[in-house]
Amino acid sequence: MSSLCATTASRERDRSVLRSVVLLLCLLLSALLLCGCEEEYGVEDNPEETGSFYYAFDVAAKKLVRRSTEFTGANASERIDELLSMMVAKRELSEDKTEISATRLYPSDIVMVGWDISPEGDLTVTLEGEYSELSRTREALLRAGLVLTMCQLPEVGRVRIRIGEETLVVNQKEIGFMQPSDFVRDIGAPGDIVTIKLCFVNDAKKDLVTIDRIFYPDDYKPREQYCLETLFSGPLDSENNDLKKGGKAINAIPEGTKIIDVTTKGGICYVNLSKEFQTNDKTVAGHLVLHSVADTLILSFDYIDKVVISVEGKHLRSYRGEDVPSALTVETGTE
Amino acid sequence: MSLPLFLGIVFCGIASCAVISFIFITYSNRHAYDNSKKSISSFVDSLGHEIDQTSFWTESVDSVNSELYSIANGHNGRVIVADAGLCVVFDSYHTKQGKILLVSEIISALQGNEYFDVNAEEGIATYILPVSSGSENSYSGVFYIRYSVHDELTRHRIIRRYTAMIAVSLSIIIVAFGIALTTIFVQPLHRISRELAEISDISPDARLDVRNNRQVSEISDTMNKILDRSREMEENRQNFVSDVSHELKTPMTSMKILSDALLMSGADLPDTVREFLTDINSEIDRENHIISDLLALARMDRKTDTVKYERTHINEVLDIILNRIRPMAEAKQIEVVCEIYRDVYADVDAPKLMMAISNLCVNAITYNHEGGSVYVTLNANMNYFYITVQDTGCGIAESEISHIFERFYRVDKDRSRETGGTGLGLAITKEIVNAHGGQIKVYSKLNEGTTFSVRIPIYKPLRKEGLA
């Protein structure tokens, strides 16, 4: 009997030890999970979602959160007021202190004094309060939320924030009117429309002819590279329709020429081409071909002042019997 | 070839190759981009220190821009640097300058988290890391680089290809090794096993001669030593039995002469003495009978008494046997019937065959009821002749049948004692039949009778080649 009791007691002890170990492991696991779950600033939305919306800031999650809404305002002014009220407490209401800032974009210590909009659609929102207390990351997120929300209205084209009487200054820079395109959700998304000036050699082979072309770079290649690739593919038939004979554009770039790399630094664009560029074609003067490349880049991008051309990494000193300057500028007469 | 062993070797080998290849490729994959990441990371570290000395976050600084362009070109990629307010202060592609990046990975990097991802299809890696400011755990901006990892991917593809080639080559080698191993080691073992089995059936001089390699040769030698020792022991046993039987026979013969002399002397012996003398005489006869049977068995064991084949008319042998047992049968009123289906001439050792069949016939009469019958038949085909001895006696229990050919085994010891049996008759019969290359079978049912069937080759067996 006593041995039976001893066995039972021993089993009870074992169970209790096992329970303690399991509990400890669970606590450890929870701690680890919690440690890994510290909230970070972020954005929680689906930009492709349709319908009216406004942005709020989830303080606990530290995230800019997009919320759906339905406008009740009958006119633009009412809708602007309605949206702004959802995101910023008005000064007169702030004394009530019943509003929970977690549901708004801006914290309760920042209030809206007023707003006005120009006929061109430039909305100015005047805020007051502890704006400088906001962290730079949070401030950027709140600013994004405000601009993206307001610009959904057709009447609003751009938004500016003023703190009291002063224009908003961030990082010693004045922040003027902003629009949705100033906020990037995807670094690789298609950028702005770019108009480039392609300088082709004319069919008389005596001069260059400039043709404007629009393209939509997808931002994963330097624009200069897109531009040159477009130049190397030659003029379109439709572009030559309006040009008279002797002034029509031809592709004078030697066939098979490839762009090894192109970078711009300090206003100088360095272009490295493949060896096919040096194919000798006596029918077209060397300087025309070189300026076809250089002038296209300089006229298309305002940050490029000069162009340096290399072939297979070697700086081009002469081309088709002509000396090549160390850096090419726009050919006189090319516009 | 041993299939399980071969499959085991192949499976273990191929599994090991697969595991090693997997580990190697995984490690290679994980660390494929370490070099580029390390160089970028150390660049960003030094960038952070340099930026701290300048006003890069508020205005363009040529020296910093130059380094950023260098790293972008060096990695054939794009570099973006954003400040703590997510505003782009440098973009090597000039498209996002001044814009606010609402990108989760960028925002996360400002909290100190790195991000690295590879798009294997495009051969592009994206690496986002924070730019440290002067104080610990404080970040003044984010460095973003998107660059080509074609070289690393190509290298990784080559590594994968060569690893696969090596794994396949090793697998082929392992399969070949498995075949060689099982052929070299297992086949000889199978051969040893077969030859050992054959040794027990044939010549006493048979030896094991499998010598594929040193280990197998050693096994062969050891087995041969064991065979020699066991043969020696068997010979000693047989000699012992033979010697003992001889030694016993001499005094037995003397005792028989003396007891016979006393009984036939005509002297007036008391009844008790005469009765005892008669018993002593019959015990001496029985003992002589046992010793004779033992001697016969010992001779057959030693195989010195080989079968002397002679062309014999089996029908005549049966006639002789039946004539001998007829008086015994008549004494018990047992009918003996013999049915001969054909004339049979065969190569046999006639005296021995006679002994063997006589034992069967004597048993058929001995263990039969009064008024019973014994039925003997002789038949033959091209290869064998068949003799059956069937009785209507007491039969043998099924549990005993497997033992009846054992030496000294008696089903009913008391009855055997009365009839003078030695327990060696059927053992001798079986030895003689086996020595002729024949077979003996028994069918019996209690209280109904027993049938012995003997099959012996017509022609003497061809001598098998020895194993030596």
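Rules of the game
Residues numbered from 1 in each chain as written. Chains lettered and ligands numbered in written order. Predicted model: local features only at pLDDT ≥ 70, side-chain atom pairs only at ≥ 80, totals over all residues. Heavy atoms only, no water. Pairing = 2+ DSSP bridges. Helix = DSSP H or I, 4+ residues; strand = E, 2+ residues; numbered from the N terminus. Axes fitted to C-alpha atoms, helices over the stretch in contact; angles between N-to-C directions. Core = buried A, V, L, I, M, F, W, Y, C linked by side-chain atoms within 4.5 Å. Buried < 20%, exposed > 50% of the residue type's maximum accessible area, 1.4 Å probe, protein only. Expected span 1.5 Å × (residues − 1). Arc of directions from axis to C-beta.

> Hey, could you go over the sheet that holds strand S2 (residues 53–58) of chain A for me, with residue numbers and the actual values?
All names here are of chain A. Spatially, S1-S3-S2 is the arrangement adopted by the 3 strands of the open sheet, whose pairing is mixed. Single-partner strands in this sheet number two, and they are strand S1 (42–44) and S2. Shown here is a sheet whose adjacent strand axes are inclined to one another by a mean of 25°, direction ignored. The sheet contact formed by S2 and strand S3 (residues 63–68) spans 6 bridges and is antiparallel. Following the sheet pairing, tyrosine 55 is matched in S3 by arginine 66.

> Provide a residue-level description of the nonpolar core, including the pertinent values.
All names here are of chain A. The biggest cluster of nonpolar side chains holds 59 residues, and the ones touching the most others in it are Tyr106, Leu146 and Met150. The biggest single contributor to this core is helix H4 (residues 136–150), with 8 residues. Within the second largest apolar cluster, 41 residues are counted, among which are Leu208, Val271, Leu288 and Val311.

> Can you tell me about unusual backbone geometry, naming the residues and giving the values?
A positive phi angle, close to 65°, is found at A:Gln172, a residue other than glycine. Mapped onto the elements of the fold, A:Gln172 is located in the loop between strand S9 (169–170) and strand S10 (173–174). What makes A:Gln172 exposed here is its relative accessible area of 68%. Within the chain, B:Gln333 stands out as a residue other than glycine whose phi angle is a positive 55°. Inspection of the secondary structure assignment puts B:Gln333 in the loop between helix H8 (314–331) and strand S8 (335–340).

> How would you explain helix H2 (residues 34–52) of chain B if you had to name every residue and give the values?
Residues and elements named next belong to chain B. Look at H2: 27 Å from first C-alpha to last across 19 residues, which is about the 27 Å you get at 1.5 Å a residue. Every buried residue of H2 is accounted for by Ser36, Ile40, Ser41, Phe43, Val44, Leu47, Gly48 and Ile51. Looking down the long axis of H2, one finds its buried residues gathered within 165° of arc, a one-sided arrangement. Facing away from the buried surface of H2 by more than 90 degrees, the exposed residues are Asn35, Lys38 and His49.

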